[in-house]
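# Structural overview for review
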Amino acid sequence: MSSLNPIVIIPARLPATRLPGKPLADIHGVPMIVHVWRRAVAAGIGPVVVAAGDTEIAEAVIAHGGNAVLTDPDHPSGSDRVWEALEKVDPERQFGAVVNVQGDLPTIDPAIIRAVFEPLDHPGVDISTLVAEITVEEERSNPNVVKAVVGFADEARIGRALYFTRATAPWGDGPHYHHIGLYGYRRDALRRFVGLRQGVLEKREKLEQLRALENGMRIDAALVDTIPLGVDTPADLDRAREMLKPAP
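Bear in mind that the values here come from a model prediction, so they are computed numbers and not experimental data.

Under the criterion given, the structure shown has 1 cavity of 30 Å³ or more. The calculated volume of the largest cavity comes to roughly 50 Å³. Lining the largest cavity, in full, are Ser-79, Ile-127, Tyr-183, Tyr-185, Phe-193, Glu-208, Gln-209, Ala-212 and Ile-219. Classifying every residue of the lining of the largest cavity by side-chain character gives 6 nonpolar, 2 polar and 1 charged.

See below:
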């Protein structure tokens, strides 16, 4: 994968409906976004940059020794924010691939960040992502749990994503897969993606990744064993604080 010369970019902005200002939420004296940055650095993929939609986020990252770049606060999606940051930090196009790590994953295992790059080893893959097998029965029918339709061959850990949906799919006996919203992009694939119009199914399912599939782009998924904790509510934040509690 070294030939791709990847970079990790973490998009973050302060406005949030359920937990306003969450990138700066305090977790044992350190802002949440800094915890995410540290995990991404520990993954050892390549340089890590926070694409900040607000000055306060950039200042917090820089104060803790990280690298951040200011981006337009009004971007419609994290992908657009990542693309702007990539163009700003790498105008000479030295990085051939980028991983988009969400800024609300303070407990994420660095190995999970590394895993998202594995599917890009196939030259035909435009975008890579992650899935984990659903083990909690009610999640199969929960529309807030996005399902990835992937047919993994026997013993395979990487497969082609055919669809993403909030419904229970596919039908019949067999596993269902929980989509994990980390993405790896070939640089040209990300450039193309952010230039596309919203797709019909994307609007219907409210899933941005369907825009890529509707336009013939290939997404492959790597199968991992755990789903990282996403911090969206005060209860999630309390759980992250407990998980990251310093040893006595």
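With that settled, the discussion passes to the pairing of strand β7 (residues 127-133). For β7, the tally of buried residues reaches 6 of 7 residues, placing the bulk of the element in the interior. Direction of pairing for β7 relative to strand β10 (residues 177-186): antiparallel, over a ladder of 7 bridges. If you follow Val-131 over to β10, its bridge partner there is His-179. Note that β7 and strand β11 (residues 219-224) share 6 bridges and pair parallel. When the bridges of β11 are listed, Val-131 appears paired with Leu-223.

This part is about the packing of helix α3 (residues 78-89) against helix α5 (residues 187-194). At a minimum axis distance of 10 Å, the contact between α3 and α5 shows a crossing angle of 125 degrees. Viewed along their axes, α3 and α5 adopt a mutual orientation that is oblique. Taken as a pair, α3 and α5 cross one another with a handedness that is left-handed. For the pair α3 and α5, the contacting residues are Ser-79, Asp-80, Val-82, Trp-83, Leu-86 and Glu-87 in the first and Arg-187, Leu-190, Arg-191, Phe-193 and Val-194 in the second. Looking at the contact of α3 with α5 residue by residue, the classes come out as 6 nonpolar, 1 polar and 4 charged.

Right, let's talk about the packing of aromatic side chains for a bit. Aromatic ring pairs: the centre-centre distance and the angle between the two ring planes describe each pair. Scanning the model with the defined rule gives 3 aromatic pairs in all. With 6.0 Å between their ring centres and 35 degrees between their planes, Tyr-183 and Tyr-185 make a pair best called tilted. Tyr-185 shares its class with Tyr-183; the two are buried. Members of the aromatic cluster, connected to one another through ring pairs, are Tyr-183, Tyr-185 and Phe-193. In this arrangement the basic side chain of Arg-211 is found over the ring face of Phe-193, its NZ or CZ atom lying 4.7 Å from the centre.

Mapped onto the secondary structure, Thr-165 falls in strand β9 (residues 158-165). For Thr-165, a relative accessible area of 4% translates into the label buried. Of the polar contacts made by the side chain of Thr-165, one reaches the side chain of Glu-205; its length is 2.8 Å. Non-local contacts of Thr-165, meaning those with residues more than four positions away in its chain, are made with Val-145, Val-146, Lys-147, Glu-205 and Leu-207.

All right, on to the pairing of β9 then. Relative to β9, strand β8 (residues 147-150) is paired through 4 bridges, and the arrangement is antiparallel. Note on β9: the bridge partner recorded for Lys-147 is Thr-165. Sheet analysis places β9 next to β11, joined by 3 bridges and oriented antiparallel. In the sheet register, Ile-158 faces β11, and the bridge partner there is Ala-222.

Here the amide bond leading from Ala-169 into Pro-170 is cis, since omega sits at 0 degrees, within 30 degrees of zero. Looking at the element boundaries, Pro-170 is found in the loop between β9 and β10. Positive phi is not limited to glycine here, since His-28 has a value of about 55 degrees.

Bringing the nonpolar core into the picture now. Counting 38 residues, the largest nonpolar core has Ile-10, Val-50, Leu-130 and Leu-182 as its most contacted members. Take this core: its biggest share by element is 6 residues, from helix α1 (residues 32-43). In this view, Ile-10 contacts Ile-33, Val-36, Trp-37, Ala-40, Val-48, Val-49, Val-50, Ala-51, Val-101, Gln-102 and Gly-103; residues no more than four positions away in its chain are not counted. Counting residues in hydrophobic clusters, the runner-up holds 34 residues, among them Ala-51, Val-69, Val-150 and Val-194.

Moving on, we get to the environment of Ala-212. Tracing the chain through its elements places Ala-212 in helix α7 (residues 210-214). Residue classification places Ala-212 among the buried positions, given a relative accessible area of 1%. Distance from Ala-212 to Gly-44, taken between C-alpha atoms, is 28 Å for residues 168 residues apart in sequence. When sequence neighbours within four positions are dropped, the list of residues in contact with Ala-212 reads Ile-127, Phe-193, Met-217 and Ile-219.

Parameters and conventions
- Residues numbered from 1 in each chain as written.
- Predicted model: local features only at pLDDT ≥ 70, side-chain atom pairs only at ≥ 80, totals over all residues.
- Heavy atoms only, no water.
- 1 Å grid on protein atoms, 1.4 Å probe; cavity = no way out; pocket = protein on both sides within 12 Å on 5 of 7 lines; lining within 4 Å.
- Points joined across faces, edges and corners; volume = space filled by probe spheres on them.
- Nonpolar A, V, L, I, M, F, W, Y, C, P; charged D, E, K, R; others polar.
- Buried < 20%, exposed > 50% of the residue type's maximum accessible area, 1.4 Å probe, protein only.
- Helix = DSSP H or I, 4+ residues; strand = E, 2+ residues; numbered from the N terminus.
- Pairing = 2+ DSSP bridges.
- Axes fitted to C-alpha atoms, helices over the stretch in contact; angles between N-to-C directions.
- Parallel < 35°, antiparallel > 145°, perpendicular 65-115°, else oblique.
- Left-handed = near helix turned anticlockwise from the far one by under 90°.
- Contact = heavy atoms within 4.5 Å.
- Phe/Tyr/Trp six-rings, centres within 6.5 Å; stacked < 30°, edge-to-face > 60°.
- Lys NZ or Arg CZ within 6 Å of the ring centre and 35° of its normal.
- Polar contact = N/O pair within 3.5 Å; in protein donor to acceptor, adjacent residues only side chain to side chain.
- Core = buried A, V, L, I, M, F, W, Y, C linked by side-chain atoms within 4.5 Å.

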